Amino acid sequence: IREFFDKMGFDIIQTEGDWQPGSFTHQHGYLQDMYKVFNHTKLQRAAPYTFWLEDDFPIIVKNPTYKLNDLFNIAINVLHQNPSIMTVRFFREGDGDATTPGIDLTEHLKIAMPVFHFNPNICKTSDLSSAINIIINNWKTFQNVHSEQSFTIASSMIKPPDFGSK
């Protein structure tokens, strides 16, 4: 994965930690990594959008109408045109997710509101930087909250969710 994104001109910030999956050491380590990434000055200055991808989550584009780059462009356009939307989520194999509230853009993309997911997504860098800083600066409140839920709570403190009502 790293080679692919290097060739496409992405800057990669890699972190490593000593934590155990499924435990709060995992949650804490993950949040510390996100703090490192989203407070990286080069990222904040140069990247209005961040592609969030864990290395164990492949995206398989089954619909021949789309290429992965098309899906990136759709997601970025939605974020650019909608200030209240923070993230557009990718689905693993274009199988959708009926359990997550939000708006389906394609069988591969969803605006998942008001829930934040660590599944692959393109997000607004400034919003996630603000959210992780809220979490770290209020650690006593968030230390026993699942990391995805922490981002959901913190991001709602930045801007209230907008479900399309005007």
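In short, a report on the structure. Not measured: the values here are computed from a predicted model.

Moving on: the overall build of the chain. Along the chain, the regular secondary structure elements total seven helices and five strands. Going from the N terminus to the C terminus, the chain shows its helices and strands as α-α-α-β-α-β-β-β-β-α-α-α. The 166 residues of the chain split such that 39% are buried. Considering only contacts in the chain between residues 6 or more positions apart, those separated by 24 or more positions represent 63%.

Following the criterion strictly, the structure yields three aromatic pairs and no others. Arranged with centres 5.5 Å apart and planes meeting at 40°, the rings of Phe5 and Phe51 form a pair that is tilted. Placement of the pair is Phe5 in helix H1 (residues 2–7) and Phe51 in strand S1 (residues 49–52), with a sequence separation of 46 residues. Neither residue differs from the other here; Phe5 and Phe51 are each classed as buried. Ring geometry for Phe51 versus Phe72: centroids 4.8 Å apart, planes at 65°, classification edge-to-face. With Phe51 in strand S1 and Phe72 in helix H4 (residues 68–81), the pair connects residues that are 21 residues apart, well separated along the chain. Just as Phe51 is buried, Phe72 falls in that class too. Put simply, the rings of Phe4, Phe5, Phe51 and Phe72 pair up and form one aromatic cluster.

Let us look at helix H5 (residues 125–137). Between its first and last C-alpha, H5 extends 18 Å over 13 residues, near the 18 Å set by a 1.5 Å rise per residue. Among the residues of H5, Thr125, Asp127, Leu128, Ser129, Ala131, Ile132, Asn133, Ile134 and Ile135 are the ones counted as buried.

Reading the values: the criteria
Residues numbered from 1 in each chain as written. Predicted model: local features only at pLDDT ≥ 70, side-chain atom pairs only at ≥ 80, totals over all residues. Heavy atoms only, no water. Helix = DSSP H or I, 4+ residues; strand = E, 2+ residues; numbered from the N terminus. Buried < 20%, exposed > 50% of the residue type's maximum accessible area, 1.4 Å probe, protein only. Contact = heavy atoms within 4.5 Å. Phe/Tyr/Trp six-rings, centres within 6.5 Å; stacked < 30°, edge-to-face > 60°. Expected span 1.5 Å × (residues − 1).

Read these as geometric descriptors, not functional statements.
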